[in-house]
Amino acid sequence: MTEPAEVETTGRFLVLLQEDAVDEGVAELGAIAGFDPNSGDLDVDTVQVFPELGVAVVSADPNLLAELNGAAERPGPVQIVEPERVVHAFAAPAEEEVEPAADESVLTWGLQAVGADVSTATGKGVKVAVLDTGWEQNHPDFAGRTITTKSFITGEDVQDGHGHGTHCIGTSCGPRKPATLPGYGIAYEAEIFAGKVLSNAGSGADGGILAGIDWAVANGCAVISMSLGADVPANTPYSQIYETVAQRALAKGTLIIAAAGNASTRPARVAPVGHPARCPSIIAVAAVDVNRAIASFSSGTVDKIGQVDLAGPGVDVYSSFKLPDKYKRLRGTSMATPHVSGVAALIAERTGARGYELWARLSSTALRLPLPSTDIGGGLVQAP
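The structure presented is a predicted model; accordingly, all values stated were derived computationally and were not measured.

How each quantity is defined
- Residues numbered from 1 in each chain as written.
- Predicted model: local features only at pLDDT ≥ 70, side-chain atom pairs only at ≥ 80, totals over all residues.
- Heavy atoms only, no water.
- Helix = DSSP H or I, 4+ residues; strand = E, 2+ residues; numbered from the N terminus.
- Rg over C-alpha atoms; globule rule 2.2 N^0.38 Å.
- Buried < 20%, exposed > 50% of the residue type's maximum accessible area, 1.4 Å probe, protein only.
- Areas by Shrake-Rupley, 256 points an atom, 1.4 Å probe, with all protein chains shown as cover.
- Lys, Arg positive; Asp, Glu negative; His and termini not counted.
- Charge placed at Lys NZ, Arg CZ, Asp CG, Glu CD.
- Phe/Tyr/Trp six-rings, centres within 6.5 Å; stacked < 30°, edge-to-face > 60°.
- Pairing = 2+ DSSP bridges.
- Axes fitted to C-alpha atoms, helices over the stretch in contact; angles between N-to-C directions.
- Contact = heavy atoms within 4.5 Å.

**Description of the overall build of the protein**
Looking only at helices and strands, the protein features nine helices and 15 strands. By the compact-globule yardstick of 21 Å for 384 residues, the protein fits well, its C-alpha radius of gyration being 20 Å. Sorting the 384 residues of the protein into buried and exposed places 59% on the buried side. By element, 49% of the accessible surface of the protein is carried by carbon and sulfur atoms, the whole surface being about 14,500 Å². Across the protein, the 26 positively charged side chains and the 45 negatively charged ones have centroids separated by 8 Å.

**Digging into the packing of aromatic side chains**
Two aromatic rings, taken as a pair, are described by how far apart their centres are and by the angle between their planes. Counted under the stated rule, the structure contains six aromatic pairs. Between W135 and F142 the ring centres are 4.5 Å apart and the planes differ by 80°, which places this aromatic pair in the edge-to-face class. Side by side, W135 and F142 carry an identical accessibility label, which is buried. Both rings, one in Y184 and one in Y327, keep their centres 6.0 Å apart while their planes meet at 70°; by these two values the pair is edge-to-face. In this pair, Y184 is assigned in the loop between α4 (164-173) and β7 (191-196) and Y327 in strand β15 (residues 327-330), connecting sequence segments 143 residues apart. Classification of Y327 by relative accessible area gives buried; the value is 15%. By way of ring pairs, the aromatic residues F152, F193 and W215 are connected into one cluster.

**Examining the sheet that holds strand β9 (residues 223-226)**
The seven strands lie next to each other as β6-β7-β5-β9-β11-β12-β13, forming an open sheet whose pairing is parallel. Edge positions in the open sheet fall to β6 (147-151) and β13 (310-313), since each of these has one partner strand only. Neighbour-to-neighbour, the strand axes of the sheet open up by a mean angle of 25°, direction not taken into account. Sheet topology places β6 next to β7; five bridges connect them, and they run parallel. Note that in β7 the partner of I147 across the bridge is I192.

**Concerning α4**
Three or four residues apart is the spacing at which side chains of an α-helix point the same way, because the helix has 3.6 residues per turn. Counting buried positions along α4 yields 10 of 10 residues, so the element is predominantly enclosed. Within α4, the full set of buried residues consists of H164, G165, T166, H167, C168, I169, G170, T171, S172 and C173. In the core, the buried residues of α4 are packed alongside β4 (78-89), β5 (127-132), β7, β14 (317-320), β15 and α7 (333-351).

**Side note on the pairing of strand β3 (residues 55-58)**
The alternating pattern of β3 places V55 and V57 on one face and A56 and V58 on the opposite face, and all of these are buried. In terms of strand pairing, strand β1 (residues 9-17) meets β3 through four bridges, oriented antiparallel. Residue pairing across strands places L14 opposite V57, the latter belonging to β3. Sheet topology places strand β2 (residues 47-50) next to β3; four bridges connect them, and they run antiparallel. Within β3, the residue paired with V47 across the bridge is V58. Counted along the chain from β2 to the antiparallel partner β3, the turn is four residues long, and its residue G54 has a positive phi close to 70°.

**Quick word on unusual backbone geometry**
In this model, H275 is joined to P276 through a cis peptide bond whose omega is 5°. Assignment of secondary structure puts P276 in the loop between β11 (255-259) and β12 (283-288). Cis geometry marks the peptide bond from L323 to P324; its omega dihedral reads 10°. The topology assignment puts P324 in the loop between β14 and β15. We note that N235 has phi near 70°; this positive angle belongs to a residue other than glycine. Within the secondary structure, N235 sits in the loop between β10 (228-229) and α6 (240-251). Judged by its relative accessible area of 53%, N235 is exposed. Of note in the backbone geometry, D316 takes a positive phi value of approximately 55° without being a glycine. The topology assignment puts D316 in the loop between β13 and β14. A relative accessible area of 13% places D316 in the buried class.

Shape descriptors only; they carry no functional weight alone.
Rendered as C-alpha cells:
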C-alpha cells in the first residue's frame, strides 16, 4: 500500500484567533476580507466564526491568503492560518460481516471487553457529543431518550443517510436492553448530542467539524467522539489550529476523542495516525479484535508527531444502524472510538472528572495488554 497523497483541501482557510480577543480578530478579518463584522448577518460563504473556540473559516482568495498570513506573522488577534482539509468517516476495508467467537447473547463482546457488563455506572447526567454522519431519528431502540441534534452540512438535515453516525452513537450511548438482544451501548443513560458534520456520503470538511466542536463545547458536553479524519503521510505536522482548539476545549471541561485511522495493512505496513487524532491534546484511538490483538487496519505510532493513546474494541462490532437495516456489524478505529467515549462518560459520571482529569483517569485505568504501546498506547479502556 502506498503512502497517502497530501491531504485533500477545500480551498478555504482556517484562522485561529487570540482567545481573549475574538471580536478584535473578527474585525481584522473583516478589514482583510472586506466584510462588516457588525452587520449582524455574516455571509457564511465568506466567513464562519466559532466563538467558543476562537476560530474562523474564511473563503479562499490568493490575495486574501497572503494578507491573512501577513496578519498571522505579526502580533495581533490573528494567530495561525491553515488550509481547510476534507475529512471522511474512517471506514476499514470492507469484509463480510462475521460474528466473533464470543457469547453475545446478552451484551456485545466489545462491552464485555471494556468491563461495561460489570460496571454499575450508566453515564447519567453526562453529555456526550458524537460528531459524524448524523442520527437515525426513527430508530426504535432510542425512544424516550434525550437526543439533541444539529446538522452542520448544508442542504442535509441530521437524519443519517449513511449509517456510520448511528452506529457510533449506539456503541457510545445505546441501550443495554433493546427489544432484540444483545445490548450494545456503554453509557446508556448519557445525554446524546448528535452533530452531523459529515454528509450522507460520509465526507465533510474541517469547518463543519469545528462548528460541531464549538456547538458541543457551548452545550457543556464532557466528551466529544469523532470517528472521522484524513489519512496523512508519515511525519506530517499536526494541525496547530486543532491542537489549540483541543486545548481550549479541555480547559472548558470537554475531552475530544478521535479515531487513529484505518490505513495500515499489518503486518506488512503500519500507517501513521491520521488528522486530527495526531494532535497531542486529542485522544487517538486504535482498534483491537475479540482476541485482544491489534486490528490489521489500525493506524499506529510510526513517527514522533502522531501517537496512539488508547485502544478500544473495533472489529465486527454490533450496533445500531440506519433503517431499514436497524443493526449492523462494522470494523474500524471508528468503532473503537465510541467504546472509549462511552467509557469516558461512565468515568465522568462516577468521579465527576472533566477535561484533563478525565483523560488522566481514562488512561490510568486502561488494561495493559502484551502489545507495543506504539499500537495501543496505554491499553484497552476499562469501565469504572
